[in-house]
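Next come the chains, spelled out residue by residue.
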Amino acid sequence: MLDPKFIRENIDLVKKAIADKGEKADLGPFLELDAKRRAMVQEVEALKAQRNSVSEEIARLKKEKSPEADKKIVEMRQVGDQIKALDDELRTVEEKLSEATLALPNLPDPSVPVGKDESENVVDRTVGQEKKFDFAPKPHWDLGEKLGIVDFERGAKISGSRFYLLKGAGARLQRALIAWMLDVHTRQSGYTEIYPPYMVNGKCLVGTGQLPKFADTVYRDIEEDFWWVPTAEVPVTNMYGGEILDGSLLPINHVAYTACFRREKMSAGKDVRGIKRGHQFDKVELVKFVLPENSNQELDKLIADAEKIPQALGFKYRILKMCTGDLGFTAAKKYDIEIWAEGCKEWLEVSSCSNFGDFQARRANIKFRRDPKGKPEFVHTLNGSGLALPRTMIAVMENYQNADGSITVPEVLRPYMGMDVIRQN
RNA sequence: GGAAGCGUGGCCGAGUGGUUGAAGGCGGCGGUCUUGAAAACCGCAGUGCCGCAAGGCACCAGGGGUUCGAAUCCUCUCGCUUCCGCCA
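What comes next concerns the included structure. This one's a predicted model, so the numbers in the text were calculated from it and none came from an experiment.

## Considerations on the sheet that holds strand β7 (residues 244-246)
Here is step 1 of the chain: Strand order in this open sheet of three strands is β7-β13-β14, and the pairing throughout is mixed. Across the chains shown, the open sheet's two edge strands, defined by having one partner strand only, are β7 and β14 (377-378).
Here is step 2 of the chain: In terms of strand pairing, β7 meets strand β13 (residues 367-369) through three bridges, oriented parallel. Residue pairing for β13: I244 is matched across the bridge by K367.

Pasting the structure below:
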């Protein structure tokens, strides 16, 4: 959500920012409803002020047993009706205004390069060396099936297309990665681990920006207000919703592992093979609540923390800086981390690190106080994957494969795996 | 799922229709005193909205209603607690 006052005072700037993002949101309805609302508030509040003072007078007159009291009561009955009518009308205007406001995307940070879509993203840097193979490396779907650690057919049988089972060392590899990632982020980087609900109420989705606009990307319960989390960002960001945090506690850094559920209307023929894209996947997520003036600096830290994972696994990876056209609805600034996978020969997006500024904080109403007497201010929120599991699994399988189809377990995972090599059994 | 009870400010807790935005206590902040601290005493302290301002309005879980006027009465929803049932 944007600051209404800021929009009013910077109409052209906001219009340009929205256009840069490639969004076609119209400011018209917002401006109109905003002006209407303020006029109505003044009108109805004047009447309420009158009612309050006369009500006090009535109390006094009644105590004095004055006959004036009844006259006043009759008068006020009319004022009361007027107030009720205006309040009803105002409520309608406020609902529409809220809709219009929630439909406006976040503004890009000034440091973000202007560009129309992902083709204009900028490679910030590339780190590490690709693995050298003296044989033709296979894609993970071949490796996984031959080793018996990924089962696509049975996944489709019990759930549908885009579902799979992990089995034996495959399931264990994912569990090892999760445990190791959580340990890195909590022990090395000092994040506090959260185990959140996997289902949240609709209010949370509004808070982080999935609702109302992107309702068709989230799964929900048929009869109750329960929504399956599309990312741990949703429950973890919203855990402080409606709160005023003690500023001395900032930055607050959380890490959470959850399964993630997405409807993904997946285009036929794209990413159809393997475990790269599914309706359910696991992810370890980093979430930060920070002082507004530090948020871009905290974004750099967030990336550095997420990067520890591909680094420790010895992968070649790159950091992409998103241009305005690829920021999405909610982000002010965003970087993606991509790992090179030797089997399928592609860059796999394993993390998306975003600074949302106060956009989510306004929606979810998350504030802080700089000092005990200070006025509450909105925090800035950030999050990034650290990392998404299926694609990290792909990278481990493909980049650590051997000529005989076995997979060497990366050094850092061995304590968690209890084995050095994954072989067919 | 059934029954009963409860939901007031950071916390505890008064308050059943008329200066109650809300007593009192704890905690917090600022003073006095003290070499310093504690104790004691004094003072200050919620959030949001409208307004250039003066000021006004709203908020006692949330919504709706009754009334000239509601934290206080009615109603629905949600949450919590206890007992029973069920269950990992």
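## Concerning the packing of helix α7 (residues 169-188) against helix α12 (residues 389-399)
Here is step 1 of the chain: It is the contact of α7 with α12, at a shortest axis distance of 10 Å, that shows an interaxial angle of 110°. With respect to α12, the element α7 is oriented roughly perpendicular. Crossing of α7 against α12: the hand is right-handed. Along its contact with α7, which presents G170, L173, Q174, L177, I178 and M181, the element α12 presents L389, T392, M393, V396 and M397.

## Remarks on α12
For the α-helix, the turn length of 3.6 residues means that residues three or four positions removed from each other point alike.
Here is step 1 of the chain: For α12, the tally of buried residues reaches eleven of eleven residues, placing the bulk of the element in the interior.
Here is step 2 of the chain: Of the positions making up α12, those classed as buried are L389, P390, R391, T392, M393, I394, A395, V396, M397, E398 and N399.

## Some remarks on the protein's contact with RNA strand B
Here is step 1 of the chain: Surrounding RNA strand B, one finds 25 residues, the nearest of these being R37, E45, R77, K367 and R369.
Here is step 2 of the chain: Those atoms of RNA strand B that come within 4 Å of the protein belong to sugar or phosphate at a rate of 75%.
Here is step 3 of the chain: Note that a sugar or linking oxygen of RNA strand B is positioned 2.8 Å from one of the side-chain N or O atoms of R37.
Here is step 4 of the chain: In this structure, S55 approaches RNA strand B through a main-chain N or O atom, which is 3.3 Å from a base nitrogen.
Here is step 5 of the chain: Elements with a contribution of two residues or more to the surface near RNA strand B: α3 (28-63), α4 (68-102) and β13.
Here is step 6 of the chain: Here the element with the most residues in the surface near RNA strand B is α3; it accounts for 13 residues.
Here is step 7 of the chain: Partitioning the surface near RNA strand B into residue classes produces eight nonpolar, three polar and 14 charged.

## A word on the environment of K333
Here is step 1 of the chain: Along the polypeptide, K333 turns up in strand β11 (residues 333-341).
Here is step 2 of the chain: Owing to a relative accessible area of 10%, K333 belongs among the buried residues under this scheme.
Here is step 3 of the chain: Separated by 68 residues in the primary sequence, K333 and Q401 have C-alpha atoms spaced 36 Å apart.
Here is step 4 of the chain: The residues contacting K333, other than those within four sequence positions of it, are D109, S111, V112, N296, L299, K321, L327, C353, S354 and N355.
Here is step 5 of the chain: A polar side-chain atom of K333 sits 3.0 Å from a polar atom in the side chain of S111.

Reading the values: the criteria
Residues numbered from 1 in each chain as written. Chains lettered and ligands numbered in written order. Predicted model: local features only at pLDDT ≥ 70, side-chain atom pairs only at ≥ 80, totals over all residues. Heavy atoms only, no water. Pairing = 2+ DSSP bridges. Helix = DSSP H or I, 4+ residues; strand = E, 2+ residues; numbered from the N terminus. Axes fitted to C-alpha atoms, helices over the stretch in contact; angles between N-to-C directions. Parallel < 35°, antiparallel > 145°, perpendicular 65-115°, else oblique. Left-handed = near helix turned anticlockwise from the far one by under 90°. Contact = heavy atoms within 4.5 Å. Buried < 20%, exposed > 50% of the residue type's maximum accessible area, 1.4 Å probe, protein only. Near = heavy atom within 4 Å. Polar contact = N/O pair within 3.5 Å; in protein donor to acceptor, adjacent residues only side chain to side chain. Nonpolar A, V, L, I, M, F, W, Y, C, P; charged D, E, K, R; others polar.

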